[in-house]
Amino acid sequence: LYDGVCALCNATIHFIVVHDRRGRFRFAPLQGEFARRLLSRFGRDAADLDTVYLYLRDGETEQLLDRSRAAFAVLHELGGWWRWLALLRVLPPALTDFAYR
């Protein structure tokens, strides 16, 4: 889930689409109905546009990652050299989220 009116966010989505060779990612703007319903299930507000969210579902298990944790998970899934950047997820979220902002 991303800010649909943010130029940087849209460029990031384009980057992911180009590098997602397995076609694993789907995208929805935070301004849409899908984001509003999904985020409300996790106690989040879709009007909070200062982040990106990655929704993961494995069978009955659901997880919502935001900010740097979402970015690291995407990089890991893209594979290749991008997976190396995902190793930064071992750093404390307070530090990586600060860098994300």
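Preceding this paragraph is the structure being described.
For clarity, every value in this text was computed on a predicted model and none was experimentally measured. (Residues numbered from 1 in each chain as written. Predicted model: local features only at pLDDT ≥ 70, side-chain atom pairs only at ≥ 80, totals over all residues. Heavy atoms only, no water.)

Enquirer: For this particular structure, what's the right way to read the overall build of the chain?
Expert: Within the chain one finds five helices and two strands. Going residue by residue from the N terminus, the α and β elements of the chain occur as α-α-β-β-α-α-α. At 13 Å, the chain has a C-alpha radius of gyration in line with the 13 Å of a compact globule built from 101 residues. Evaluated residue by residue, the chain yields a buried proportion of 31% over its 101 residues. The long-range share in the chain, meaning contacts at least 24 apart out of those at least 6 apart in sequence, stands at 40%. Surface summary for the chain: the accessible area is close to 6,900 Å², and the carbon and sulfur share equals 60%. Across the chain, the centroid of the 14 positively charged side chains sits 6 Å from that of the 12 negatively charged ones. (Helix = DSSP H or I, 4+ residues; strand = E, 2+ residues; numbered from the N terminus. Rg over C-alpha atoms; globule rule 2.2 N^0.38 Å. Buried < 20%, exposed > 50% of the residue type's maximum accessible area, 1.4 Å probe, protein only. Contact = heavy atoms within 4.5 Å. Areas by Shrake-Rupley, 256 points an atom, 1.4 Å probe, with all protein chains shown as cover. Lys, Arg positive; Asp, Glu negative; His and termini not counted. Charge placed at Lys NZ, Arg CZ, Asp CG, Glu CD.)

Enquirer: Is there a simple way to explain the environment of Leu88 in this structure?
Expert: Here Leu88 is to be found in the loop between α4 (82-85) and α5 (93-100). For Leu88, a relative accessible area of 43% puts it in the partly exposed group. As for Leu88 and Glu60, which are separated by 28 residues in sequence, their C-alpha atoms are 28 Å apart. Setting aside chain neighbours within four positions, we find Leu88 in contact with Phe72 and Thr96.

Enquirer: Whenever I open this one, unusual backbone geometry confuses me. Can you help?
Expert: Backbone phi values are negative for most residues with the exception of glycine, while trans is the configuration of most peptide bonds. Its identity as a non-glycine residue notwithstanding, Arg67 has a phi of 45°, on the positive side. Topologically, Arg67 is positioned in helix α3 (residues 67-78).

Enquirer: Can you help me understand the side chain of Asp66 in this one?
Expert: With respect to the element layout, Asp66 can be found in strand β2 (residues 61-66). Within the structure, the side chain of Asp66 is placed 3.3 Å from the side chain of Arg44, a separation counted as a polar contact. Residues in contact with Asp66, not counting those within four places in the same chain, are Arg44, Thr51, Val52 and Tyr53. (Polar contact = N/O pair within 3.5 Å; in protein donor to acceptor, adjacent residues only side chain to side chain.)

Enquirer: Quick question: what am I supposed to make of the pairing of strand β1 (residues 53-58) here?
Expert: For a regular strand, side chains alternate in direction, first toward one face of the sheet and then toward the other. Here six bridges tie β1 to β2, and the two strands are oriented antiparallel to one another. Within β2, the position partnered with Tyr55 by the bridge is Leu64. From the end of β1 to the start of β2, which pair antiparallel, there are two residues, and Gly59 there has a positive phi angle of about 65°. (Pairing = 2+ DSSP bridges.)

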